[in-house]
Amino acid sequence: MSGFGRKVYIVGAGHSSVATEAFKELLPEELCVQVLKNTLKRSGVKASQVDSIKIGSVVSRSAEPTMIHAFAKRILMLSAEEGEEVHADGDMGDRACSSGLVAAQLAARDIACGRAEISIPGGMDMMSRVSPETIKEGLTDRATGKLMGELADERTRGVYTRSEQDLYAMGSFEMAL
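Residues numbered from 1 in each chain as written. Predicted model: local features only at pLDDT ≥ 70, side-chain atom pairs only at ≥ 80, totals over all residues. Heavy atoms only, no water.

*Asks:* Please explain the overall build of the chain as it appears in this structure.
*Replies:* Helix and strand counts for the chain come out as six helices and three strands. Overall, the chain shows an N-to-C arrangement of helices and strands of α-β-α-β-α-β-α-α-α. Burial status across the chain gives 29% buried among its 177 residues. By element, 55% of the accessible surface of the chain is carried by carbon and sulfur atoms, the whole surface being about 11,700 Å². (Helix = DSSP H or I, 4+ residues; strand = E, 2+ residues; numbered from the N terminus. Buried < 20%, exposed > 50% of the residue type's maximum accessible area, 1.4 Å probe, protein only. Areas by Shrake-Rupley, 256 points an atom, 1.4 Å probe, with all protein chains shown as cover.)

*Asks:* When you look at the sheet that holds strand β1 (residues 52–56) in this model, what are you seeing that I'm missing?
*Replies:* Hydrogen bonds between backbone groups are what pair the strands of a sheet, and the pairing can be parallel or antiparallel. The sheet built from three strands is open, its strands ordered β2-β1-β3 with parallel pairing. The open sheet terminates on both sides in strands that have one partner only, identified here as β2 (89–93) and β3 (119–123). Between one strand and the next, the sheet's axes are offset by a mean angle of 15 degrees, whatever the strand orientation. Of the strand pairs in this sheet, β1 and β2 are connected by five bridges, and their pairing is parallel. Bridge pairing in β2 links G56 to G93. (Pairing = 2+ DSSP bridges. Axes fitted to C-alpha atoms, helices over the stretch in contact; angles between N-to-C directions.)

*Asks:* I keep staring at helix α1 (residues 28–43) and nothing clicks. Help me out?
*Replies:* For the α-helix, the turn length of 3.6 residues means that residues three or four positions removed from each other point alike. In this model, α1 (16 residues) spans 22 Å end to end at C-alpha, consistent with the 22 Å of a helix rising 1.5 Å per residue. Within α1, the full set of buried residues consists of P28, E29, L31, C32, V33, V35, L36, T39 and L40. Positive backbone phi, at 80 degrees, marks G44, one or two positions downstream of α1. (Expected span 1.5 Å × (residues − 1).)

*Asks:* Whenever I open this one, the environment of Q49 confuses me. Can you help?
*Replies:* Secondary-structure assignment places Q49 in the loop between α1 and β1. Distance from Q49 to H87, taken between C-alpha atoms, is 8.2 Å for residues 38 residues apart in sequence. Setting aside anything within four residues of it in sequence, one finds Q49 in contact with G44, H87 and I118. A distance of 2.7 Å separates a polar side-chain atom of Q49 from the backbone nitrogen of K46. (Contact = heavy atoms within 4.5 Å. Polar contact = N/O pair within 3.5 Å; in protein donor to acceptor, adjacent residues only side chain to side chain.)

*Asks:* Help me understand the nonpolar core in this model?
*Replies:* Generally speaking, a soluble globular protein has its nonpolar side chains buried in company with each other. The biggest cluster of nonpolar side chains holds 19 residues, and the ones touching the most others in it are L40, I55, I75 and L76. Those residues in contact with I75, other than ones at most four positions away along the chain, are E29, C32, V33, L36, I55 and M124. With five residues, the next largest nonpolar core counts V8, I111, A112 and A116 among its residues. (Core = buried A, V, L, I, M, F, W, Y, C linked by side-chain atoms within 4.5 Å.)

*Asks:* When you look at the pattern of salt bridges in this model, what are you seeing that I'm missing?
*Replies:* For side chains of opposite charge, pairing can occur when their charged atoms come near one another. Following the criterion strictly, the structure yields six salt bridges and no others. Its salt-bridge partner being R6, residue E117 comes within 2.8 Å of it at the nearest N-O pair. Of the two residues, E117 sits in the loop between α3 (99–112) and β3 while R6 sits in the segment before α1, which places them 111 residues apart along the sequence. For R6, a relative accessible area of 27% puts it in the partly exposed group. Residue D110 is joined to K54 by a salt bridge in which the shortest nitrogen-to-oxygen separation is 3.0 Å. (Salt bridge = Lys/Arg side-chain N within 4 Å of Asp/Glu carboxyl O.)

This is the structure we're talking about:
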């Protein structure tokens, strides 16, 4: 990606598995820390080298903005090796289903504008921990009255078989290990 003057490259990626009961007892931030630790290890980047971390969340925490910034940085600090100093700026945003993409855009902007050499974007949610009221109010398409997930299911029905979806989920799980 190029834009403002500096080229931006994606040099690593990581994610947790999709839809598994194994993570039911974890808080979303605990799962995020596990994924980030693994991603940092695979990429060879140390937490102390990271200049900014951007975390997107479909359903953000209700906290003061300063707490949200501290929360994103805390995830990086918990992912650091023991004794490693973390100096990154943190930011967290809520943009419904595009939260992870917005985090990537903000991380790329930090690099392109010269504010960071290394920036980590990410998305973090565990929808099974969200109240039905929050899901209905925050994730309903106003034009159709349907939940966004229902619309996605409708659009893919007949495109992917259940077996193909299961294979994808298993591949996702294996990549997260």
